Amino acid sequence: MVTGSPASGIVPGKDLSIDLQALLVWLGNYGHISYSKQQEFLRELGGIEIGIGTLQATNARVADAVKSAVEELWKWAPLQANLHVDETPWCVKGVKEWLWTATGQDFCLFHAADTRSRAELETMLGHEFAGVLSSDDFSVSR
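Residues numbered from 1 in each chain as written. Predicted model: local features only at pLDDT ≥ 70, side-chain atom pairs only at ≥ 80, totals over all residues. Heavy atoms only, no water.

Focus on helix H3 (residues 52–76)
Using the following cut-off: Only DSSP runs of H or I reaching four residues or more are called helices, and only runs of E reaching two or more are called strands; each is numbered from the N terminus. Residue count minus one, scaled by 1.5 Å, sets the expected span of a helix. Exposed residues in this analysis have more than 50% of their type's maximum accessible area, buried residues have under 20%, and partly exposed residues fall in between, with area computed by a 1.4 Å probe over protein chains only. Any two residues whose heavy atoms approach within 4.5 Å at even a single point are treated as in contact.
Compared with an ideal rise of 1.5 Å per residue, which puts 25 residues at 36 Å, H3 spans 36 Å between its outermost C-alpha atoms and is within 8% of the ideal. Listed as buried for H3 are Leu55, Thr58 and Trp74. The inward-facing, buried residues of H3 abut helix H1 (18–29), helix H2 (35–46), strand E2 (95–104), strand E3 (107–113) and helix H4 (118–125).

Remarks on the pattern of salt bridges
Applied cut-off: For salt bridges, the criterion is a side-chain nitrogen of Lys or Arg within 4 Å of an Asp or Glu carboxyl oxygen.
The full count for this structure, using the stated rule, is five salt bridges. In this structure, the salt-bridge partner of Glu40 is Lys37, at a minimum N-O distance of 3.7 Å. Separated by three residues within a single helix, Glu40 and Lys37 lie in helix H2, roughly one turn from each other. Given a relative accessible area of 30%, Glu40 falls into the partly exposed group. On the basis of relative accessible area, Lys37 is assigned to the partly exposed category, the value being 47%. In this structure, the salt-bridge partner of Lys75 is Glu72, at a minimum N-O distance of 3.3 Å. Of this pair, Lys75 and Glu72 both sit in helix H3, three residues apart, which is roughly one turn of the helix.

Dropping the structure here:
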């Protein structure tokens, strides 16, 4: 059997382009759009019929693909001279949770958490941070 290289933007064995996969992951994770609404979106705007299982698999595949890079970035971030951290409440399946960010020059990391306590900050950056830490005046005392 002889096969050629996949076309640009196509993941071998998948029908969705890389750009479309990225859009769907963004819609689901940051836009909080359910798989059924994503399915409807694709059907109405793109004439694309796709199963919810495919949407779930796409999300899982992209999460697996970026996991090691995100873990390495979390190891690197606490070593930076300057970081800004912030948290905001968000509703996950009817439960109030917190979305934390750690940002610096050319990067932004997210950390989903159950609380807005100092423990979350320590989970993100460790027990000690030697750089300048900026926030919105929220006190995270012990």
